Amino acid sequence: MNAVVPVRSGKAKARKGLNGSLRTLAGKSPKDMIPKVRRPQFAFSEAQDIPRYWWDNDPVKTLLLAAMSASFPPGERFFIDSVRHYQDQITDPELKKAIKGFIGQEAHHSREHELMNGFLQERGVDLARLEQEILGFMNLLRKHLSPERQLAHTVAVEHFTALMAEEFLLKYDALEQMDPRIAPVWAWHAIEESEHKAVAFDVYKAIGGSEFTRVTEMMIVSVLFPVFSAVHLVQLMKEDGQLGNMKSWLGAVNYMWGRPGVFRKLLPSYFKFYSPNFHPWDHDARGLVEKAKKKWLGDWG
Ligand SMILES: [Fe+2]
Ligand SMILES: [Fe+2]
């Protein structure tokens with residue numbers, strides 16, 4: 001049995017260096033923090049003996065992440081398009097490069113999560129239906145929201161994903177609790193979410209996006225994101241015959257809100273988004289990311 005091994009294409013577009021000065025035009029993003037486009041290929045089909053509940057042998061934890069994985073392909077396509085809409089208006093050369101990195105990273109996330117979702121679908125976890133529902137929702141946003149609000153939506157969700165990446169997946173022992181063939185997928189995704197966390201925000205600022213739209217869109221996302229996640233989790237738990245598994249529900253609630261309380265502890269960082277002076281790089285997690293790169297990505301990081 002082969003492990004899920006990331007295979008590097010050798011074509012990474014990278015700008016190295018971590019201690020750059022701060023940008024003045026586009027905000028506070030480190031000047032040389034250009035998101036690096038990696039091209040891992042995870043061999044899911046060769047890892048059929050991965051346990052059904054690959055995170056901590058726990059249905060709630062595993063299916064929560066599975067539901068999120070279903071949302072990535074349609075969600076990340078939306079994020080790319082909302083940024084791409086303004087790409088030609090950006091003149092700052094560093095930000096132009098960062099946009100390319102952002103698009104490349106998100107495109108590869110979608111690709112690998114599509115493969116992961118297909119792998120889980122074959123094992124009877126119906127993520128295709130979830131993906132279709134989310135695609136329908138994203139199409140509604142495309143149809144009814146202005147390009148500015150669509151970008152504000154991306155900025156808000158990117159804050160969520162960066163928080164979850166830095167304050168949850170990389171900081172605690174979640175990755176260690178996962179099957180070692182699944183963990184690198186989430187580690188890679190979390191690392192890159194942290195690397196590109198400010199790109200949509202910097203574009204939003206560069207095009208003069210309104211504060212009202214940014215803040216109100218975050219309020220909307222803060223309701224929709226947990227509601228969608230909870231509904232989808234309940235559906236998957238029901239389909240897996242685990243809806244009445246109180247041990248799993250209580251354990252997961254405790255993990256999120258009790259001890260260690262990973263969601264509870266990220267609330268202060270979440271609320272900083274509402275400050276008019278907020279910038280994603282106010283929270284510098286490069287130390288955490290570097291450690292995770294060494295541990296989970298090895299020489300392809
Ligand atoms: Fe992503
Ligand atoms: Fe992202």
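Above this text sits the structure in question.
The shown structure was predicted, so the numbers you read here are calculated from the model rather than taken from an experiment. (Residues numbered from 1 in each chain as written. Chains lettered and ligands numbered in written order. Predicted model: local features only at pLDDT ≥ 70, side-chain atom pairs only at ≥ 80, totals over all residues. Heavy atoms only, no water.)

## Quick word on the overall build of the protein chain
Threshold: Numbering of helices and strands runs from the N terminus; a helix is a DSSP stretch of H or I covering at least four residues, while a strand is a stretch of E covering at least two. For the radius of gyration, the atoms used are the C-alpha atoms, and the globule rule reads 2.2 Å times the number of residues raised to 0.38. Exposure is judged per residue with a 1.4 Å probe applied to protein chains only, and the accessible area is read against the type maximum: over 50% gives exposed, under 20% gives buried, and values in between give partly exposed. Two residues form a contact once any of their heavy atoms are found within 4.5 Å. Using the Shrake-Rupley algorithm and a 1.4 Å probe, accessible areas are obtained, with residue cover drawn only from the displayed protein chains. His is not counted, nor are the chain ends, whereas Lys and Arg count as positive and Asp and Glu as negative. To locate a charge, the coordinates of NZ of Lys, CZ of Arg, CG of Asp or CD of Glu are taken.
Across its full length, the protein chain carries 11 helices and zero strands. When its helices and strands are written in sequence order, the protein chain yields α-α-α-α-α-α-α-α-α-α-α. Its C-alpha radius of gyration of 19 Å places the protein chain within 12% of the 19 Å reference for a compact globule of 301 residues. For the protein chain, the C-alpha atoms occupy an extent of roughly 50 × 40 × 35 Å along the three principal directions. For the protein chain, the residues scored as buried account for 55% of the 301 residues in total. Considering only contacts within the protein chain whose residues lie at least 6 apart along the sequence, 82% involve residues at least 24 apart. As displayed, the protein chain offers around 13,400 Å² of accessible surface, 58% of which is attributable to carbon and sulfur atoms. One finds the centroid of the 40 positive side-chain charges in the protein chain at a distance of 4 Å from the centroid of its 36 negative side-chain charges.

## Digging into the nonpolar core
The line we're drawing: Only buried Ala, Val, Leu, Ile, Met, Phe, Trp, Tyr and Cys residues count toward a nonpolar core, and they belong to the same one when joined by side-chain atoms within 4.5 Å.
Counting 87 residues, the largest nonpolar core has Trp-54, Trp-55, Met-178 and Trp-186 as the members making the most contacts within it. Broken down by element, this core gets its largest block of residues, 13 residues, from helix 1 (residues 59-84). Not counting chain neighbours up to four residues away, the residues in contact with Met-178 comprise Trp-54, Trp-55, Leu-65, Leu-169, Ala-183 and Trp-186.

## Quick notes on the coordination of the iron ion (ligand 2)
The condition that has to hold: The donor set covers N, O and S atoms within 2.8 Å of the metal, switching to 3.2 Å for Na, K and Ca, and it leaves out water, so a site may look short of donors. When four donors show all angles between 85 and 135 degrees the site is tetrahedral, when four or six donors have opposite pairs over 155 degrees and all other angles between 65 and 115 it is square planar or octahedral respectively, and in every other case it is irregular.
Within the protein, the iron ion (ligand 2) binds to Glu-106 (OE), Glu-158 (OE), Glu-158 (OE), Glu-193 (OE), Glu-193 (OE) and His-196 (NE2); these donor distances fall in the range 2.0 to 2.8 Å. Classification of the site at the iron ion (ligand 2) rests on its six donor atoms, whose angles at the metal span 51 to 147 degrees, yielding the label irregular. Look at Glu-193 and you get buried, because its relative accessible area is 4%.

## Looking at the packing of aromatic side chains
Let me state the cut-off plainly: Note on aromatic pairs: the rings of Phe, Tyr and Trp (six-membered ring only in Trp) are paired at centre separations within 6.5 Å, and the planes decide the class, stacked below 30 degrees, edge-to-face beyond 60, tilted for the rest. We call a charge positioned above a ring when the Lys NZ or Arg CZ atom is no farther than 6 Å from the ring centre and deviates by at most 35 degrees from the ring normal.
Scanning the entire structure with this criterion turns up 20 aromatic pairs. On the basis of an interplanar angle of 70 degrees and a centroid distance of 4.9 Å, the ring pair of Tyr-270 and Phe-271 is categorised as edge-to-face. For Lys-61, the ring lying beneath its charged end belongs to Tyr-255, and the centroid distance is 4.0 Å. Here Lys-197 stacks its cationic end above the ring of Trp-281, 4.4 Å away from the centre of that ring.

## Focus on the environment of Gly-118
Tracing the chain through its elements places Gly-118 in helix 2 (residues 93-122). Given a relative accessible area of 30%, Gly-118 falls into the partly exposed group. Counting along the chain gives 48 residues from Gly-118 to Ala-70, while the straight-line C-alpha distance between them is 9.6 Å.

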